[in-house]
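This is what each chain is made of:
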Amino acid sequence: DPLKYSTGRSSLEAVSIGIKLTDTDITFRCNLVTLSAEENYCDRTMIDYSAGEITTEEAKILITDLGEKLGTDKIRFYPGVSYRHVIVWEGGPDNGIEVYKLTPPHDISGKVIGPYLPQGKSGPALSDIMEKSSIFLREHPVNLKREKEGKKPANSAWIWAKAKKPKLDSFEEKYGLKGSVISAVDLVKGIGISAGLQPVSVEGATGNINTNFLGKAQAAIREFKKGKDFVFIHVEAPDECSHQGNLADKIRSIELIDSLVVKTVIEGLERMGNDYSVMVLPDHPTPILRKSHTADAVPFLIYTKNNGPDKRKRKNSANFDEVNAAKSGLHIDKGYKLMDYFIGEKK
């Protein structure tokens, strides 16, 4: 239940990266973004929240150098994956009590950033870091090279998603199942690690459409063969395509999930010869027209192959989509209760 357990997303990303947090640390998400080039920082426009999906290798250089330039003994920069990174503020402003208004950069694509700069008592300090980062990054060799190659520069840091050290209950203790998590997104990976799931790295996994779809599915089957009872596979591609307003790639990414991930997992489990259950769903809607998340209900599909009775309420449909799911009459009111419905009582 996020109302009970959530302290914010950036601390979960910090856990995924391997940062050891104290109870008084405050974390922030630090995106590398592409802004327009107006002289006044607040007049610039959010061109790309992902800096042209900058590579992890390039981003590591930028964040490391940015940390050396702007970091202090209290404020530290940590590189993550692609454009997603973390700042840890030791002790934190007001030890985390302060209320902030921080805006996700993917929610303001194409908008002037001034009204969305950090607000709150320490807002000016965060905005100052962001503006100074733009001065430093503008002439960085990595960005000069990217521009020469016709790519978008990562010409500013964007700070958001304040959080404190997370404390989650054990997945294994709750469900009696040993599990793993497969994701290139530090937020999801951090949730898994915090709940006691084993993180699994997959070569070529990126968090966008240019990811190793097949490798994730194959890694899941290997985890089952090693004795794991549960594997969570996360694929970010459709969400990223939605934030970019790219309908063709969103459709393509869903097709690749269907043909390379779901198909491979089902075939692998069939070859193993055991009973199994598979659940497929998005974590939230990201409409192409909005280019941002909405709170609408999401469809979910469960397929079970077992020899015993399945006491769950069944609603069969010819198609897996929002329309047919809504017609089913089967609605899980609280998202965190869906896993209980899927797994059932403790094994």
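The shown structure was predicted, so the numbers you read here are calculated from the model rather than taken from an experiment.

Novice: Could you give an account of the overall build of the protein, naming the residues involved and the relevant values?
Specialist: When helices and strands are tallied, the protein shows 12 helices and 10 strands. Against the 2.2 N^0.38 benchmark of 20 Å for 347 residues, the protein shows a C-alpha radius of gyration of 21 Å, consistent with a compact globule. Expressed along its principal axes, the backbone C-alpha trace of the protein runs to roughly 65 × 45 × 35 Å. Buried residues in the protein amount to 46% of all 347 residues. By sequence separation, contacts in the protein at least 24 residues apart represent 67% of the contacts at least 6 residues apart. Carbon and sulfur atoms provide 52% of the accessible area of the protein, an area that totals close to 18100 Å². Here the protein holds 49 positive side-chain charges and 47 negative ones, and the gap between their average locations is 4 Å.

Novice: Residue-level account of the pattern of salt bridges, with values.
Specialist: This structure, assessed with the given rule, holds 18 salt bridges. Put simply, Lys 74 and Glu 90 hold a salt bridge, and the shortest N to O gap is 3.8 Å. Taken together, the residues Lys 74 in the loop between α3 (56-70) and β3 (75-81) and Glu 90 in the loop between β4 (84-89) and α4 (123-138) connect sequence positions 16 residues apart. On the basis of relative accessibility, which here comes to 38%, the residue Lys 74 falls in the partly exposed class. Connected via shared salt-bridge partners are Arg 9, Glu 13 and Arg 29.

Criteria and cut-off values
- Residues numbered from 1 in each chain as written.
- Predicted model: local features only at pLDDT ≥ 70, side-chain atom pairs only at ≥ 80, totals over all residues.
- Heavy atoms only, no water.
- Helix = DSSP H or I, 4+ residues; strand = E, 2+ residues; numbered from the N terminus.
- Rg over C-alpha atoms; globule rule 2.2 N^0.38 Å.
- Buried < 20%, exposed > 50% of the residue type's maximum accessible area, 1.4 Å probe, protein only.
- Contact = heavy atoms within 4.5 Å.
- Areas by Shrake-Rupley, 256 points an atom, 1.4 Å probe, with all protein chains shown as cover.
- Lys, Arg positive; Asp, Glu negative; His and termini not counted.
- Charge placed at Lys NZ, Arg CZ, Asp CG, Glu CD.
- Salt bridge = Lys/Arg side-chain N within 4 Å of Asp/Glu carboxyl O.

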